[in-house]
Every structure is written in structure tokens, then in C-alpha cells.
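Given next are the chains, with one letter for each unit.
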Amino acid sequence: MLGKLPHRTLQSLSDKYGPIMSLRLGQVPAVVISSPEAMELFLKTNDAVFASRPKIQASEFFFYGSRGLAFSEYGPYWRNMRKLCTLHLLSVSKVESFEPLRREEVGVAVKTLERATAAREGLKRAIKKTSKAFDSVLEKIIEEHEEAIIMNSNTEKEREDFVDILLSLMHHSVDGQNYGIDRTNIKAILIDMIGGSLETSASTILWALSELLRHPQVMKTLQDELDTVIGTNQMVVKESDLSKLSYLEMVIKETLRLHPAGALVPRESTEDVNVTLDGNGYFIKKNTRVLINLWALGRDPKVWPNAEMFCPERFNNVTNKDRDFRGVECFEFIPFGSGRRGCPGMHLGLTTVKTVSAQLVHKFNWELPWGLSPNDLDMNERYGLSLPRAKNLYAMPTCRK
Ligand code: HEM
């Protein structure tokens, strides 16, 4: 009954039954949260109670069950893994230290597109997804790193990647902390890092490009900003340019408002709790599944006038400037979730999405194929771990310079 796009079905149900509503998903009691005020109650006021995740998703989607962090239950194990990832893999300084790696990869993508401009062909990619294949790939990657460490015992720190860092944490304690991780943990964390980052960032970039193709005026304003800030002689976008690109920031925010990669965020409560909203009291039992409808949040007409319209400028006015991602003071725009269980990869995700999107539109002009007009572009989404486009995006690049 929830259909193929449950975030949409639940949004219309919440129009009728309110921002906190309970329903049963088969045997599972669930509560669906759909307004900023309700999200504040669940993700800030009662953060600790709703900081767990339902169990079945882990075994369904992730091959090492709850050995990583994204789907493990709230408690000391999760806290340990979370600390490891936040401190050693995803901190601002670590993200910065991987900049050369990303620059190389973006360069490879640009080269491929340059060749495509000559051939006028789109890109196709297929990712094979069997757990066995995944495991043997991960094993191979780990083995290669182990061999490299043995061959060259004093590897330069700045060339270290995620696998090197995790291997060294497996063998040594750092700053007096021993994380107690083994090989399976390393694979589980790597799967979390790949699962958490790849599809979310890729689908956000594709949505951004789709919206830019549908709104040529927005595309032009963005290209003008890139021409002014980076220059028409310099076609490479550097991560150090990002802080100067304020229109790019608005474009990405507006993309995440309409197309949040985590549409329905699953949580689970670990205690009985009472919450009160607008004078109404709600009793929520321990072990209730909570679905945070971030998709509905971005379309709430009380918060976003003309919510369906793609208009980056709406982030330019004073109130919306403060709607800044994290849900510290304000829960109107939280595409990365919020609270202790919020996305630890926000900085990396934003850096990747901004750099790649900016690079694609600075270096190339984009056209729709087959004489499609911007309004004809299919904008349907498909429900899954992230919220990707239902249909592939086909667009034709030409070099701007
Ligand atoms: C545009 C990019 C991204 C978006 C929109 C996004 C969104 C989200 C959302 C909504 C959640 C759930 C938060 C909550 O429960 O409140 C989440 C969790 C998570 N994300 Fe991201 N994410 C992105 C990029 C990344 C990247 C780059 C990484 C890591 C390399 C990452 C790793 C994770 C992990 C490990 C969790 C689970 C955290 C936990 O359960 O403690 N994400 N993300």
C-alpha cells in the first residue's frame, strides 16, 4: 500500500494525520516524522532515545551486518566505530589530505568526457553487486595494502588512504585508544564508507546537473560565477575555490532540498518516551521504528513557498541562510540528518558534490539529446538506499574552451 515511492505516500498521509503519526509496517510499530518542529523533538530534545537503527536493514543491505557503524545498534560498539571514522577517516583535515586523490579522479572523468565530446556518446556504468565479489575485491585491496606496507615499512604519511589508516589502527593504538578492530571490521567500515558516500554523492551530482539542464538561467548564472571566480583561462576547479563560490553553494542546497539522498531516514527508539508537540502528547514505546521523512521536509509549504520550484536564490535571503544543514538551531533543512547519529561524511560529501558539479559545468556546456526541451526531462525518482533518478540522464557535453 505504501507503493514504490513510500516517501511520497507518507507525505500525503501526514498532510491528513499530522507531523507525528503512527502506523504498523506488518508486525513493526512505526512512527513517521514529517515537520521541522517534530524533527527537533526526535533528533535534538530526545536525541539519545532515537539514536538507534532498526536491525533488519543491516542484514538486508550490508554484507557484514552490524560490524560497521551505519546500521549497528546504538551503544558502546557503535560509539567506538563512529569515533574511529569521525576522527581518523572523515575529519576536515583527513578530507583535505585526500584532495590530490580526488583531483586525479576528477581529471580522469574530465578526460573521458573530452573524448565523449568528440564521439558524442554518453557514459554508461555498471556496478556488479554480489557480496562474494565484493568480499574478494575488498580482500584483494587489503592484501595489496599489506604487501605495500611490508615492502616499504616507512610509507609516507601523506600517501596514506582509508585502508592504510584502518590497517594501522588494527595493529596499534593511537593516543592511548585501542579500537579493537579486526579484518572483518575493516571490510565492514569500508563497505559503510563506500555505501554511505558513493551513491549519495553520485545521485546528488546527477540531480544537480538535471536541475541545471532544466533551468538554463540557473546554469548561466552558475557558469558566470565560475568564469568570474576561477577565470576563463583556468578550466580546472580546485577545492580551495569552493569557499568563494556562493551561488554554487545555493545550487547544491536547493538540489539537496528537493532531492535528499536519504529520503526516509530509519531510526529506532531504545526507551519508552513521551513527546509533546503543539499541546498534543504522544507516547512512543521502546523499540519503535521511526522514519524521518526528509523528502517531505524539503517540500513543507509552511517552510518553503512554491516548494516544487527549483530556485537556488531562495537560500540567498537572511532566514534561509541560517538554514544551514546541521539542525543545531533550526530543523527546516537537514539533508544530512541530525544529532549524534547524523551523517559523519557531510564535509566529504559536500566537497565531492560541489567540486564535481562545478567542474562539469565550468569545463563543458551541456545539451539534452534528441531535441528534448528542458521541460521534457524526466525527473522521476526511484526509491532505494539513496533516491536516484528513475531514468538515466543523457546529456551531451561540448568543451567551453
Ligand atoms: C551528498 C552526500 C550525502 C548525503 C546527502 C548523506 C546523507 C546521510 C543521511 C541523511 C544519513 C542519516 C543520518 C541520521 O540518521 O540522522 C547519513 C548517515 C551516514 N552517512 Fe551520509 N550522506 C552523504 C555522504 C556521505 C559520505 C561521503 C560518507 C562517508 C564517506 C557518509 C557516511 C555515512 C555514514 C557512515 C552514516 C551512518 C552514521 C551512523 O549511523 O552513525 N555519508 N548520511
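Being a predicted model, the structure only gives us computed values, none of them experimental. (Residues numbered from 1 in each chain as written. Predicted model: local features only at pLDDT ≥ 70, side-chain atom pairs only at ≥ 80, totals over all residues. Heavy atoms only, no water.)

## Considerations on unusual backbone geometry
Applicable threshold: For the exposure calls, accessible area comes from a 1.4 Å probe over protein chains only, and a residue counts as buried if that area is under 20% of its type's maximum, exposed if over 50%, partly exposed in between. Secondary structure is summarised from DSSP: a helix means a run of H or I of at least four residues, a strand means a run of E of at least two, and numbering begins at the N terminus for each.
Positive phi, close to 65 degrees, is recorded for asparagine 287, a residue that is not glycine. Judged by relative accessible area, asparagine 287 falls into the partly exposed class, the value being 45%. Not every positive phi belongs to a glycine, and asparagine 306 is a case in point at roughly 45 degrees. Relative to the assigned elements, asparagine 306 resides in the loop between helix H12 (294-297) and helix H13 (318-321).

## Some remarks on the side chain of asparagine 185
What counts is decided by this rule: Here a polar contact is taken to be a pair of N or O atoms separated by no more than 3.5 Å, where protein atoms must pair a possible hydrogen donor with a possible acceptor and residues adjacent in sequence count only if both atoms sit in side chains.
With respect to the helices and strands, asparagine 185 occurs in helix H9 (residues 183-214). The class of asparagine 185 is buried, set by a relative accessible area of 3%. Within the structure, asparagine 185 has its side chain in polar contact with the side chain of tyrosine 77 (distance 2.6 Å).

## With respect to the pairing of strand E1 (residues 20-25)
What counts is decided by this rule: Strands were regarded as paired on the criterion that DSSP finds at least two bridges between them.
The sheet contact formed by E1 and strand E2 (residues 28-33) spans six bridges and is antiparallel. Residue pairing for E2: isoleucine 20 is matched across the bridge by isoleucine 33. Hairpin connection of E1 to E2: two residues between the antiparallel strands, including glycine 26 at a positive phi of 65 degrees.

## Focus on the coordination of the iron atom of the ligand
Under ideal tetrahedral coordination, the four donors around a metal are separated by 109.5 degrees; under ideal octahedral coordination, the six donors are separated by 90 or 180 degrees. To keep things clear, this is the line we draw: Here a donor is an N, O or S atom found within 2.8 Å of the metal, or within 3.2 Å if the metal is Na, K or Ca; sites may look incomplete because water is not among the atoms.
For the iron atom of the ligand, the sole protein-derived donor is Cys343 (SG), lying 2.3 Å away. Relative to the assigned elements, cysteine 343 resides in the loop between H13 and helix H14 (346-363).

## A short note on the site of the ligand
To keep it simple, the criterion reads: Near residues are defined by distance, with any heavy atom within 4 Å of the molecule or strand qualifying the residue. We call Asp, Glu, Lys and Arg charged. Ala, Val, Leu, Ile, Met, Phe, Trp, Tyr, Cys and Pro are nonpolar, and the rest, Gly among them, are polar.
Lining the immediate surroundings of the ligand are 26 residues, of which Trp78, Arg82, Arg267, Arg341 and Cys343 lie closest. Contacts to the ligand include alanine 70, whose backbone N or O atom sits 3.3 Å from an oxygen atom. Contact distances for the ligand include 2.7 Å between an oxygen atom and a side-chain N or O atom of arginine 267. Breaking the shell around the ligand down by element, the ones donating at least two residues are helix H4 (76-89), H9, strand E3 (264-268) and H14. If you tally residues by element for the shell around the ligand, the top one is H9, at five residues. When its residues are assigned to classes, the shell around the ligand shows 13 nonpolar, nine polar and four charged.

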